[in-house]
Amino acid sequence: SIKEVTPGGFYWNGISTFSQSSENFYSATSLTTGNSTWTLTTPSLRHGYTYRIRVKATDNVVPIGNTEVNLASATFVYDIQYPTATVTSPANGAVISSLVNITGTNVEEFLTSNVYITIKDDVTGLWWSQGSSTFSLINALKVYYAVTPQSPGDFSVWSWAFDSSKLQTGRSYTVQVYAVDQAGN
């Protein structure tokens, strides 16, 4: 059975909607007998909604199968939207004379797993290599590095230490960031 816990509180009707007030169990779409792995074709789920799936098994004993008493369940929030990571310092297009940290923010409706950053020398087209502390990576090999959250697990504000002595006067640099939430978006 699948229940739309919030906001509706209704159960899946076995076809396409969450419209039933009472719980019903539906047969798995497929079952692999060797390791008892099963799948179920689910209805369309909605972003930000909380769902609970409960499972019960019945064997093929004749005349009436034995049904599991202690049911397994999982409750989860369906999240399909990407978080948004933004660089706040240095500002886009800024001309700076030193750089100790690149800082930014991240907006995510639920929980962020990490924010990643990289920087490119726009003149050479090469990306930063943290291992060699140089701009030496071609586009196909560019690496993103984990930033430091403002506190453990809180990426709403983040920073990444960078030594500005590695930058050359008069050049432009591109900073790229992205965030990953706990759903993998």
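Scroll up to find the structure this text is about.
Not measured: the values here are computed from a predicted model. (Residues numbered from 1 in each chain as written. Predicted model: local features only at pLDDT ≥ 70, side-chain atom pairs only at ≥ 80, totals over all residues. Heavy atoms only, no water.)

> I'm lost on the pairing of strand E15 (residues 154-161) in this one. Help?
Residues in a regular strand point their side chains to alternate faces of the sheet. Two strands pair when backbone bridges link them, and strand E9 (residues 101-107) and E15 are joined in this way by five bridges, in the antiparallel orientation. In the sheet register, asparagine 101 faces E15, and the bridge partner there is alanine 161. As paired elements, strand E14 (residues 148-151) and E15 share three bridges and run antiparallel to each other. Along E15, the bridge assignment pairs threonine 148 with serine 159. Counted along the chain from E14 to the antiparallel partner E15, the turn is two residues long, and its residue glycine 153 has a positive phi close to 80 degrees. (Pairing = 2+ DSSP bridges. Helix = DSSP H or I, 4+ residues; strand = E, 2+ residues; numbered from the N terminus.)

> Whenever I open this one, the sheet that holds E15 confuses me. Can you help?
Think of a sheet as strands paired side by side through backbone hydrogen bonds, with each pair either parallel or antiparallel. Spatial strand order, E8-E9-E15-E14: four strands in an open sheet with antiparallel pairing. Of all the strands in the sheet, just strand E8 (84-89) and E14 have a single pairing partner and so form its edges. Mean inter-strand twist for the sheet, computed between neighbouring axes without regard to direction, equals 35 degrees. (Axes fitted to C-alpha atoms, helices over the stretch in contact; angles between N-to-C directions.)

> For this particular structure, what's the right way to read the packing of aromatic side chains?
Geometrically, a pair of aromatic rings is defined through the distance of the ring centres and the angle of the planes. All chains considered together, the criterion is met by 12 aromatic pairs. Summarising the aromatic geometry, the rings of phenylalanine 135 and phenylalanine 162 are spaced 6.4 Å apart at their centres and angled 55 degrees between planes, so their arrangement reads as tilted. On the criterion of sequence distance, the pair formed by phenylalanine 135 in strand E12 (residues 134-137) and phenylalanine 162 in the loop between E15 and strand E16 (173-181) is long-range, its members being 27 residues apart. Among the aromatic residues, those joined into a cluster by ring pairs are Trp128, Phe135, Tyr145, Trp160, Phe162 and Tyr173. (Phe/Tyr/Trp six-rings, centres within 6.5 Å; stacked < 30°, edge-to-face > 60°.)

> How should the nonpolar core be read in this particular structure?
Ile102, Val115, Ile119, Trp128, Val147, Trp160 and Phe162 are the most contacted members of the largest nonpolar core, which totals 17 residues. Those elements that place two or more of their residues in this core are strand E10 (112-121), strand E11 (127-129), E12 and E15. Contacts of phenylalanine 162, omitting those with residues within four sequence positions, involve Leu99, Val100, Asn101, Ile119, Trp128, Phe135 and Leu167. Ile2, Trp12, Phe18 and Tyr49 belong to the second largest nonpolar core, which has five residues in total. (Core = buried A, V, L, I, M, F, W, Y, C linked by side-chain atoms within 4.5 Å. Buried < 20%, exposed > 50% of the residue type's maximum accessible area, 1.4 Å probe, protein only. Contact = heavy atoms within 4.5 Å.)

> It is not clear to me how a nonpolar patch on the surface should be interpreted in this structure. Could you clarify?
On the surface, a cluster of nonpolar side chains totalling about 240 Å² of accessible area is made up of Val77, Phe110 and Leu111. Checked against the element boundaries, leucine 111 lands in the loop between E9 and E10. (Patch = residues over 30% accessible without salt bridge, like charges linked within 9 Å, V, L, I, M, F, W, Y side chains within 5 Å. Areas by Shrake-Rupley, 256 points an atom, 1.4 Å probe, with all protein chains shown as cover. Salt bridge = Lys/Arg side-chain N within 4 Å of Asp/Glu carboxyl O.)

> Before we go on, may I ask you to explain the layout of surface pockets in this structure?
Take a probe with the size of a water molecule and roll it over the atoms, and the empty space left behind shows itself. Approximately 660 Å³ is the volume attributed to the largest pocket. Taken together, 23 residues make up the lining of the largest pocket; nearest its centre are Ala94, Ile96, Arg171, Ser172 and Tyr173. The element contributing the most residues to the lining of the largest pocket is E16, with three residues. In this model, the second largest pocket occupies a volume close to 510 Å³. Looking at the second largest pocket, it is lined by 18 residues, and the ones nearest its centre are Tyr26, Ser27, Ala28, Lys56 and Ala57. Elements supplying a minimum of two residues to the lining of the second largest pocket: strand E4 (30-32) and strand E6 (50-55). Here the lining of the second largest pocket takes three residues from E6, the largest share from any one element. Class assignment of the residues belonging to the lining of the second largest pocket gives a composition of nine nonpolar, six polar and three charged. (1 Å grid on protein atoms, 1.4 Å probe; cavity = no way out; pocket = protein on both sides within 12 Å on 5 of 7 lines; lining within 4 Å. Points joined across faces, edges and corners; volume = space filled by probe spheres on them. Nonpolar A, V, L, I, M, F, W, Y, C, P; charged D, E, K, R; others polar.)

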